[in-house]
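# Summary of structural features
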Amino acid sequence: MTIDKKKLFIANVITNLAYGTSNVEALTPFSHHDSIDWNTLKALLVYHELVTFAYLLFRDTCISLPFDFSQFLQDEYYRTIAHCEYLWVECMTIVSAFERVQMPLVPLKGISLLHDVYAKYPIRTMIDIDLLCQETDLDSAVRVMNDLGYTKELYGLKEGYWRKKQCHFAFYKNSNYNDVCIELHWGLDFRRHNRNLLPNLWKRIRKINIGDRRLTVLSPEDTLLSLALHNRRFGNALSLKYVCDVILLLKKYTHFNWDYVIKESHAGKMKATVYFLLSQVKNMKIIEIPSTVYDNLLVPSYKKKLIDRFIENNTFCCDMQKRCKELYLKSHFLLYDSLWEPIRYIINLPEEQFAKFYNFTPYDTKTTLLYHCRLLYVLFRMVIFLSNNIKFKADSFKTFFLPYTLSDHTNNEILFYKTTGFSMWPFLKGNEKVLCKKVAVQKLRIGDIVLYKEHNRVVCHRLKKKVRQDGRFNLYVCGDNSFPLVGKFIAEEMFVGKVIAVIKNGKLINYTGIGRYYLNRLIIKISPLHSLAIRVIQGITYKCKSIRLKKST
């Protein structure tokens, strides 16, 4: 399926949900099973959390589907119905408990929208229940949750971290992770310096009728702002589930106060965040938002172009699940009003959050050491990230899995080698295949990875220097992880070829091009520090293990 077809299909899913109509002609290709990649479609629906709404579309249009795909949609639909009903009953139980002690409590996001804007089809995909209390009532609210049988879960972190650096506590019944999670919020976002986010939020709450009871919820405008902030905080910015929320919200509440949204976006420094969400809505072309809203947000034109391009290029990618970290990193720098704010968050990242993000054990000796060197460690991980995500697009190498020696269009031999050892770690690891091309020594550039023969074996190192003498070249090479970082000169006759690509986890990664050239130069600059840091960390880790071993004996 092309991106246009995928986008058209998703637009039909959302339009059918919002208006009960769809473009039947646009769905005609889906009646011809051979022309549709059903696995790709399934992955796309799962990522955007639109599986249940896709079932409604196909059910209403009576289009026949492959049995496995149809069964998947039906199972998810009925599972979601049961799950939503269970979450709703649990939420009403908690709300009633807070009403008995006369403590304000407001459902947030999905659970608040379920029987409001999703009243026709209350089947929105949800993982947990989000509730908002006033910060002054937090301790009392925790006691109410405990009385209901819920236990506060800190995930191995200190309570002070959650109170000072976060904006919610998680609760489970009897610490059972298989049960529903309740997130009790006292704010909609992390604390920001000199910033009072949505100061009139509690004055603007309203009551709505749901069945035979009255429920306190946020105003439509504050609901939209809370969805935008949630989108930024949890890194799943491209999910179209939130676009459905906004479309249904705007469809029901036609007298929407855009002036308030714009004012609070400026005051809370979340203009780019709100623009990102509204740009997603505009990209689906289902509901109109006044153009003055986009203009009055005053997002710089360059950032608007970056956001629009990011949404257009990535919303309907086939491998979004695999690219979650990459997309999160890119969106992290697009969703803030300034470049400095996301960088400042990384610099001031709490140790607990650092451990959680990199999957380290909180308060471990190694974690503490890396945390104190976090700027170097973050730079190191970014270089690794860039190194592993520059894709190779040359059509001439699409069949690289077949032979181990083949020729390109210029009849220059392309050789394959399997790596061993640690001298190039982490940019090259053991058991990875490298593609080596025979090129003229004159064409080598500083930073290129080269292969050369030494004592009947082929060695892979990085080129640091070229010296011409008597019409011949001597190449100074060294491993990125060698220590001490001392290389050696090799004669031109020992040179085998230049690494042009590497196979990592079944993906071919380009090691040529202007982007790779500058990255290679950066690696040369940081390799001495990187090599030393690795040894220091290894030494401290070994020392800590020895101390623990002595204590245990």
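The rules behind each value
Residues numbered from 1 in each chain as written. Predicted model: local features only at pLDDT ≥ 70, side-chain atom pairs only at ≥ 80, totals over all residues. Heavy atoms only, no water. Helix = DSSP H or I, 4+ residues; strand = E, 2+ residues; numbered from the N terminus. Buried < 20%, exposed > 50% of the residue type's maximum accessible area, 1.4 Å probe, protein only. Areas by Shrake-Rupley, 256 points an atom, 1.4 Å probe, with all protein chains shown as cover. Core = buried A, V, L, I, M, F, W, Y, C linked by side-chain atoms within 4.5 Å. Contact = heavy atoms within 4.5 Å. Phe/Tyr/Trp six-rings, centres within 6.5 Å; stacked < 30°, edge-to-face > 60°. Salt bridge = Lys/Arg side-chain N within 4 Å of Asp/Glu carboxyl O. Axes fitted to C-alpha atoms, helices over the stretch in contact; angles between N-to-C directions. Parallel < 35°, antiparallel > 145°, perpendicular 65-115°, else oblique. Left-handed = near helix turned anticlockwise from the far one by under 90°. Nonpolar A, V, L, I, M, F, W, Y, C, P; charged D, E, K, R; others polar. Pairing = 2+ DSSP bridges. Arc of directions from axis to C-beta. pLDDT = per-residue confidence, 0-100. Lys, Arg positive; Asp, Glu negative; His and termini not counted.

### As for the overall build of the chain
A count of helical and extended segments in the chain gives 19 helices and 16 strands. Counting every position in the chain, which comprises 553 residues, the buried fraction comes to 52%. For the chain, the exposed surface amounts to about 27600 Å²; the carbon and sulfur share of it is 54%.

### Digging into the nonpolar core
Ranked by size, the top nonpolar core spans 82 residues in total, and within it Ile-10, Leu-45 and Leu-73 carry the most contacts. Ranked by residue count, the leading element in this core is helix α9 (residues 241–252), at eight residues. In this structure, Leu-73 is in contact with Leu-45, Val-51, Ala-54, Tyr-55, Phe-58 and Leu-65, ignoring residues within four places of it in sequence. The next biggest cluster of nonpolar side chains, apart from the first, holds 36 residues, and it includes Trp-88, Ile-182, Leu-184 and Leu-215.

### What to know about the packing of aromatic side chains
This structure, assessed with the given rule, holds 12 aromatic pairs. Centre to centre, the rings of Tyr-77 and Tyr-78 are 5.1 Å apart; their planes meet at 80 degrees, and the pair counts as edge-to-face. Here Tyr-77 falls in the buried class, since its relative accessible area comes to 8%. Ring geometry for Phe-256 and Trp-258: centres 4.7 Å apart, planes at 55 degrees, overall tilted. Neither residue differs from the other here; Phe-256 and Trp-258 are each classed as buried.

### Here's the deal with the pattern of salt bridges
For the coordinates displayed, the defined rule picks out 18 salt bridges. A salt bridge links Asp-130 to Lys-109, with the shortest nitrogen-to-oxygen separation between them at 3.4 Å. Residue Asp-130 is found in strand β2 (residues 128–132), and its partner Lys-109 is found in helix α5 (residues 109–113); the two are separated by 21 residues along the sequence. For the pair Asp-130 and Lys-109, one class covers both residues: buried. Between Arg-163 and Asp-139 there is a salt bridge, and its shortest N-O distance comes to 2.8 Å.

### A word on the side chain of Ser-239
Following the sequence through the fold, Ser-239 ends up in the loop between α8 (220–234) and α9. A residue is classified by how much of its surface remains accessible, and Ser-239, at 0% relative accessible area, is buried. Dropping the residues within four chain positions of it, Ser-239 is found in contact with Tyr-47, His-48, Glu-49 and Gln-280.

### So, the packing of helix α2 (residues 38–48) against helix α4 (residues 67–100)
Where α2 contacts α4, the two axes come as close as 11 Å, and the packing angle between them is 15 degrees. Taken as axis vectors, α2 and α4 run roughly parallel relative to one another. Considering how the two elements wind past one another, α2 and α4 form a crossing that is right-handed. For the pair α2 and α4, the contacting residues are Trp-38, Leu-41, Lys-42, Leu-45 and Val-46 in the first and Phe-69, Phe-72 and Leu-73 in the second. Partitioning the contact of α2 with α4 into residue classes produces seven nonpolar, no polar and one charged.

### Brief notes about the sheet that holds strand β5 (residues 181–185)
Spatially, the five strands line up as an open sheet ordered β1-β2-β5-β4-β3, and their pairing is mixed. Of all strands in the sheet, those bounded by a partner on one side alone are β1 (106–107) and β3 (150–153). Lying on the sheet, α4 is in contact with β1, β2, β3, β4 (168–173) and β5; it crosses β2 at an angle near 25 degrees.

### Quick word on helix α6 (residues 138–147)
Burial in α6 covers these residues: Leu-138, Ala-141, Val-142, Val-144 and Met-145. Seen along its axis, α6 keeps its buried residues to an arc of 160 degrees; they face one direction. Set apart from the buried face of α6 by more than 90 degrees, the exposed residues are Arg-143 and Asp-147. Among the residues trailing α6, Gly-149 stands out with phi positive, at a value near 95 degrees.

### Details of the packing of α9 against helix α11 (residues 271–284)
Between α9 and α11, whose axes approach to 10 Å, the crossing angle comes to 80 degrees. Here α11 runs roughly perpendicular to α9, going by the angle between their axes. Residue-level contacts link Tyr-242, Val-243, Val-246 and Ile-247 of α9 to Leu-277, Gln-280, Val-281 and Met-284 of α11. Here the residues of the contact of α9 with α11 sort into seven nonpolar, one polar and no charged.

### Focus: the environment of Leu-370
Among the structural elements, Leu-370 can be located in helix α17 (residues 365–372). When its relative accessible area of 6% is taken as the criterion, Leu-370 is described as buried. C-alpha of Leu-370 to C-alpha of Phe-354: the two residues are 16 residues apart in sequence and 9.2 Å apart in space.

### Comments concerning the pairing of β5
For β5, the buried fraction is high: five of the five residues fall into the buried class. Residues Cys-181, Glu-183 and His-185 point to one face of β5 and Ile-182 and Leu-184 to the other, with burial holding for every one of them. Here five bridges tie β2 to β5, and the two strands are oriented parallel to one another. If you follow Asp-128 over to β5, its bridge partner there is Cys-181. For β4 and β5, the ladder comprises four bridges, and the chain directions are antiparallel.

### Things to note about the confidence of the model for the chain
Model confidence for the chain is summarised by a mean pLDDT of 80, while 79% of its residues fall at 70 or above. The spread of mean pLDDT over the elements of the chain runs between strand β8 (residues 405–407), the lowest at 33, and β1, the highest at 96. Segment residues 390–411 is flagged for pLDDT under 50; beyond a separation of four residues in sequence, or across chains, it makes 41 contacts in the model.

### With respect to the environment of Cys-91
As for its placement among the helices and strands, Cys-91 is situated in helix α4. Taking the C-alpha atoms as reference, Cys-91 lies 8.1 Å from Pro-107; in sequence the two are 16 residues apart. Cys-91 has contacts with Pro-107, Ile-111, Ile-129 and Leu-131, leaving out every residue within four places of it along the chain.

### A look at the side chain of Asp-137
As for its placement among the helices and strands, Asp-137 is situated in the loop between β2 and α6. Despite its burial, Asp-137 pairs with no opposite charge; the closest candidate is Arg-143, at 8.5 Å N-O. Beyond its immediate stretch of four places on either side in the chain, Asp-137 contacts Met-103 and Pro-104.

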